[in-house]
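Residues per chain are reported as follows:
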Amino acid sequence: MDAEHMGDALERVLLTEEEILAGLDRMAREIAADYEGKDVLMVGVLKGAVMVVSDLMRAMPYSVPMDWMAISSYGSGTRSSGVVRILKDLDTDITDRHVLVVEDVIDSGLTLSWILENLELRGAASVEVATLLRKPEAQKVEIDAKYVGFDIPNDFVVGYGLDFDERFRNLRCVGTLAPHMYS
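Everything numeric in this text was worked out from a predicted model, so none of it was measured.

Enquirer: Please explain helix α1 (residues 17–35) as it appears in this structure.
Expert: Side chains three or four residues apart in an α-helix point the same way, a direct result of the helix having 3.6 residues per turn. Along its 19 residues, α1 runs 26 Å from first to last C-alpha, staying within 8% of the 27 Å computed at 1.5 Å per residue. For α1, the complete set of buried residues consists of I20, G23, L24, M27, A28, I31, A32 and Y35. Backbone geometry just after α1 places G37 at a positive phi near 80°.

In structure tokens, the structure reads:
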């Protein structure tokens, strides 16, 4: 779906599809250089990271296995509830593996900090973070994201996997959702 099909639901476009893909290409080059020759596993966080993981993996110059976790902390609101539930756990044993957690956005960091602690307790050789978007102003806990596509304002954004109440994930760009959509 393109931005022009959003009507008045989208306030403004923050990142075009071309900008997103260029950012992911840059991140893939950095990741490929850092992990070459290592036993790395990309762990996507469902559902938002589907587009990010897909395009990031396609940009990699070598094969990288992936697995998925589904975590719930939002419900149908626009802010994290702080309560984390695993809806889908990893199928892969990560003992002594280099784990790269791939996120769509780092917002408060609460859910991601929980995920990182959980994965580290499972005996991974290392756990790092790659995220398409980071909202520095929204962070409540410090997350050391090694690979960041873009820093964005603390606005509610949709598109490229990010949703509001399961809608707008298929938007090709990232944009701010108009306040009348969620107020």
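Further notes follow.
Enquirer: I tried to follow the nonpolar core on my own but got confused; where do I start?
Expert: In globular proteins that are soluble, nonpolar side chains generally tend to be buried together. Counting residues in hydrophobic clusters, the biggest one holds 30 residues, and the most contacted among them are L100 and L133. Elements that contribute at least two residues to this core include exactly α1, β2 (40–46), α2 (50–59), β5 (98–106), β6 (126–134) and β7 (147–151). V45, I94, L119 and A124 belong to the second-largest nonpolar core, a separate cluster that totals 20 residues.

Enquirer: I tried to follow the sheet that holds strand β9 (residues 174–177) on my own but got confused; where do I start?
Expert: Strand pairing in a sheet relies on backbone hydrogen bonds, with the paired strands running either antiparallel or parallel. Read across the sheet, three strands follow the order β1-β9-β8 without closing on themselves; strand pairing throughout is antiparallel. The sheet is open, and its two borders are formed by β1 (10–15) and β8 (157–158), each paired with just one other strand. By the bridge criterion, two bridges tie β8 to β9 in an arrangement that is antiparallel. Within the sheet, the bridge partner assigned to V157 lies in β9 and is T176.

Enquirer: What is the right way to read the packing of α1 against α2 from this model?
Expert: Packed helix pairs are characterised by how far apart their axes lie and by the angle those axes make with each other. Two elements in contact, α1 and α2, have axes whose closest approach is 8 Å; the angle formed by their N-to-C orientations is 55°. When the axes of α1 and α2 are compared, the pair comes out oblique. The hand of the α1/α2 crossing is right-handed. Counted together, L21, L24, D25, M27, A28 and I31 of α1 and V52, D55, L56 and A59 of α2 form the full contact between these two elements. Within the contact of α1 with α2, the residues separate by chemical class into eight nonpolar, no polar and two charged.

Enquirer: What's the story with the pattern of salt bridges in this structure? I'm lost.
Expert: Here the idea is simple: oppositely charged side chains can pair when their charged atoms come close. Taken as a whole and judged by the stated rule, the model has 15 salt bridges. K146 is the partner of D34 in a salt bridge, and the nearest nitrogen-oxygen pair spans 3.7 Å. Residue D34 is found in helix α1, and its partner K146 is found in the loop between β6 and β7; the two are separated by 112 residues along the sequence. On the basis of relative accessibility, which here comes to 43%, the residue K146 falls in the partly exposed class. K88 is paired through a salt bridge with D91; the nearest N and O atoms lie 3.3 Å apart. Shared partners join several salt bridges into a network, and the residues in it are K47, D163, E166 and R169.

Enquirer: What is the right way to look at the side chain of T131 in this model?
Expert: Secondary-structure assignment places T131 in strand β6. A relative accessible area of 0% means that T131 is categorised as buried. Residues contacting T131, with those up to four places away along its chain left out, are M27, E103, D104, V105, I106, A145, Y147, V148 and G149.

Cut-offs applied
Residues numbered from 1 in each chain as written. Predicted model: local features only at pLDDT ≥ 70, side-chain atom pairs only at ≥ 80, totals over all residues. Heavy atoms only, no water. Helix = DSSP H or I, 4+ residues; strand = E, 2+ residues; numbered from the N terminus. Expected span 1.5 Å × (residues − 1). Buried < 20%, exposed > 50% of the residue type's maximum accessible area, 1.4 Å probe, protein only. Core = buried A, V, L, I, M, F, W, Y, C linked by side-chain atoms within 4.5 Å. Pairing = 2+ DSSP bridges. Axes fitted to C-alpha atoms, helices over the stretch in contact; angles between N-to-C directions. Parallel < 35°, antiparallel > 145°, perpendicular 65-115°, else oblique. Left-handed = near helix turned anticlockwise from the far one by under 90°. Contact = heavy atoms within 4.5 Å. Nonpolar A, V, L, I, M, F, W, Y, C, P; charged D, E, K, R; others polar. Salt bridge = Lys/Arg side-chain N within 4 Å of Asp/Glu carboxyl O.

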